[in-house]
Amino acid sequence: MAKDHSLLSEFWLFLKTEKKWWLGPVMGILLLVAAVLVVANGSAVAPFVYTFF
């Protein structure tokens, strides 16, 4: 019977077993950028967010 893991625990297990530690900061930055885009969507900050890209 397989153990039920969450997405975060599966990702952590993958990082530990495959020694791909560089993926942690990359995923963190991608999540941060996604959060900024979601929060800024439809607000007064939206025109300034597009200058970053």
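Our structure is the block above this text.
Cut-off values and rules
- Residues numbered from 1 in each chain as written.
- Predicted model: local features only at pLDDT ≥ 70, side-chain atom pairs only at ≥ 80, totals over all residues.
- Heavy atoms only, no water.
- Helix = DSSP H or I, 4+ residues; strand = E, 2+ residues; numbered from the N terminus.
- Buried < 20%, exposed > 50% of the residue type's maximum accessible area, 1.4 Å probe, protein only.
- Areas by Shrake-Rupley, 256 points an atom, 1.4 Å probe, with all protein chains shown as cover.
- Patch = residues over 30% accessible without salt bridge, like charges linked within 9 Å, V, L, I, M, F, W, Y side chains within 5 Å.
- Salt bridge = Lys/Arg side-chain N within 4 Å of Asp/Glu carboxyl O.
- Expected span 1.5 Å × (residues − 1).
- Axes fitted to C-alpha atoms, helices over the stretch in contact; angles between N-to-C directions.
- Contact = heavy atoms within 4.5 Å.

1. Details of the overall build of the protein
Here is step 1: Along the backbone of the protein there are three helices and zero strands.
Here is step 2: Reading the secondary structure of the protein in the N-to-C direction produces α-α-α.
Here is step 3: Burial statistics for the protein: of 53 residues in total, 9% are counted as buried.
Here is step 4: Accessible area of the protein: about 4900 Å², with a carbon and sulfur share of 74%.

2. Thoughts on a nonpolar patch on the surface
Here is step 1: A cluster of nonpolar residues, Trp22, Val26, Met27 and Leu30, forms a patch on the protein surface that exposes about 400 Å² of accessible area.
Here is step 2: For Trp22, the position within the fold is in the loop between helix H1 (7–18) and helix H2 (23–40).

3. Brief notes about unusual backbone geometry
Here is step 1: Even without being glycine, Lys19 reaches a positive phi, approximately 55°.
Here is step 2: The class for Lys19 is exposed, based on a relative accessible area of 59%.

4. Description of H1
Here is step 1: Taking 1.5 Å per residue, twelve residues should reach 16 Å; H1 reaches 16 Å between its end C-alpha atoms and fits that length.
Here is step 2: Positioned one or two residues after H1, Lys19 has a phi angle of 55°, which is positive.

5. Some details on the packing of H1 against H2
Here is step 1: It is at 11 Å that the axes of H1 and H2 come closest, and there the two elements cross at 150°. Here H1 contributes Phe11, Phe14 and Leu15 to the contact with H2, which in turn contributes Leu23, Gly24 and Met27.

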